[in-house]
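# Summary of the model geometry
Chain by chain, the residues run as shown.
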Amino acid sequence: MPKSRDIMTANPVSCRVDDGIVRVADTMRKEDIGSLPVVDGQDQRLVGMVTDRDIVVKVVAAGTDVQTARVRDAMTPNPVSVREDDDVKDAVQMMSQRQIRRLPVVDGQGRLSGIISQADIATRGDHDRTTGELVEAISERS
C-alpha cells in the first residue's frame with residue numbers, strides 16, 4: 001500500500017496566523033486553490049487551515065475590515081492531518097469522513113511537509129474505484 005508521502009504534493013503553499021487576509025486571498029487566486037494550511041512562524045508546525053469560504057463567512061459576511069483582518073480571524077485551528085508514513089487508504093478514509101478535498105500531511109514533529117488533494121489521489125494513486133468513492137463521499141450533503 002502506498003504511503004501518504006508517495007502521492008502528496010510536497011512543500012505546499014502555506015500561510016501564517018498573522019498574515020493579512022487580503023494577501024492570503026490573493027495567494028489563493030494566483031495559485032488557483034481554495035484553501036491553505038496555516039503554519040506557525042517558527043518551525044512550520046501545522047496549526048490550522050483557512051479556506052476561501054472561511055474568509056467569506058468569518059470575515060467578509062461578518063463585516064470585519066478585510067484590510068486589517070488576519071488569518072487567525074478566519075482559520076480553523078487544529079485541522080485533521082495525516083503523517084507522511086500513513087497509508088493512502090487512511091488519507092482517503094479521513095477525507096471521505098470529513099468531506100474535505102485537501103488534507104495536510106505532517107512529519108513526525110507535526111511540521112507541514114505536503115498536502116494530498118483529490119487530484120493527487122486520482123493521478124498519483126492506483127485507486128480508480130477509491131477516487132470515485134472519495135469524490136462521492138466528499139460531495140454528499142451532511
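Use the structure listed above.
Calculation notes
- Sequence order as written defines the numbering, with residues in each chain counted from 1.
- This being a predicted model, a pLDDT of at least 70 is required before a residue's local features are given, and a value of 80 or more before pairs of side-chain atoms are given or counted; all residues contribute to the totals for chains, interfaces and linings.
- Just so you know, side-chain values use all the structure's heavy atoms and leave hydrogens and water out.
- Secondary structure follows DSSP: runs of H or I at least 4 residues long count as helices, runs of E at least 2 residues long count as strands, and numbering of each begins at the N terminus.
- Here's how the labels work: a residue is buried when its accessible area is under 20% of the maximum for its type, exposed when over 50%, partly exposed in between, all with a 1.4 Å probe on protein chains only.
- Contacts between residues were defined by any pair of non-hydrogen atoms, one from each residue, lying within 4.5 Å.
- The method behind every accessible area is Shrake-Rupley, applied with a 1.4 Å probe, and residues are considered shielded solely by the protein chains displayed.
- What is meant by a nonpolar core is a set of buried Ala, Val, Leu, Ile, Met, Phe, Trp, Tyr and Cys residues, joined one to another through side-chain atoms within 4.5 Å.
- Each reported salt bridge corresponds to a side-chain nitrogen of Lys or Arg within 4 Å of a carboxyl oxygen of Asp or Glu.
- Strand pairing follows a simple DSSP-based rule, namely that at least 2 bridges must link the two strands.
- Each axis is a line fitted through C-alpha atoms, and for a helix only the stretch in contact is used; angles between axes span 0 to 180 degrees, taken between their N-to-C directions.
- As used here, the arc is the angular range of directions from the helix axis to the C-beta atoms.

### Description of the overall build of the protein chain
For the protein chain, the count of helices and strands is six helices and eight strands. Each helix (α) and strand (β) of the protein chain, taken in turn from the N terminus, gives the series α-β-β-α-β-β-α-β-β-α-β-β-α-α. Burial statistics for the protein chain: of 142 residues in total, 39% are counted as buried. Excluding contacts between residues fewer than 6 apart, the proportion of contacts in the protein chain whose partners are at least 24 apart in sequence is 59%. For the protein chain, the exposed surface amounts to about 8,100 Å²; the carbon and sulfur share of it is 43%.

### Remarks on the nonpolar core
Of all hydrophobic cores here, the largest spans 14 residues; its most connected members are Cys15, Val24, Leu36, Val50 and Val71. Within the residue set of this core, elements represented by two or more residues are helix 2 (21–31), strand 3 (35–39) and helix 3 (52–60). Contact partners of Val50, with chain neighbours within four places excluded, come to Cys15, Val24, Met28, Gly34, Ser35, Leu36, Val38, Ile55, Val71, Ala74 and Met75. Ile7, Val92, Val105 and Ile116 belong to the second largest nonpolar core, which has eleven residues in total.

### Quick word on the pattern of salt bridges
Under the definition given, this model contains eight salt bridges. Note that Asp19 is salt-bridged to Arg23, the shortest N-O span being 2.4 Å. Here Arg29 makes a salt bridge to Asp26, at a shortest N to O gap of 2.5 Å. Residue Arg29 and its partner Asp26 are located together in helix 2, separated by three residues, close to a single helical turn. Overall, the relative accessible area of 58% leaves Arg29 in the exposed class.

### What about the sheet that holds strand 1 (residues 9–10)?
Spatially, four strands are ordered 1-8-7-6 in an open sheet, and the strand pairing comes out mixed. Strand pairing shows two members of the sheet lacking a second neighbour, strand 1 and strand 6 (82–83), which therefore form its edges. Pairing geometry for strand 6 and strand 7 (residues 102–106), over two bridges, is parallel. Counterpart to Arg83 in the pairing with strand 7 is Val106. Helix 4 (residues 88–98) rests against strand 6, strand 7 and strand 8 (112–117) of the sheet, and its axis sits at about 135° to strand 7.

### Digging into unusual backbone geometry
In this model, Asp32 sits at a positive phi of 60°, which is unusual for a non-glycine residue. For Asn78, which is not a glycine, the phi torsion comes out positive at approximately 50°. Within the secondary structure layout, Asn78 lies in the loop between strand 5 (76–77) and strand 6. Look at Asn78 and you get exposed, because its relative accessible area is 70%.

### Looking at helix 2
Those residues of helix 2 that sit buried are Ile21, Val24, Thr27 and Met28. The arc that holds the buried residues of helix 2, viewed along the axis, is 120°, so those residues lie on one side. Along helix 2, exposed side chains directed more than 90 degrees from the buried face belong to Arg29 and Lys30. Contacts from the buried residues of helix 2 go to strand 2 (15–16), strand 3, strand 4 (46–51) and helix 3.

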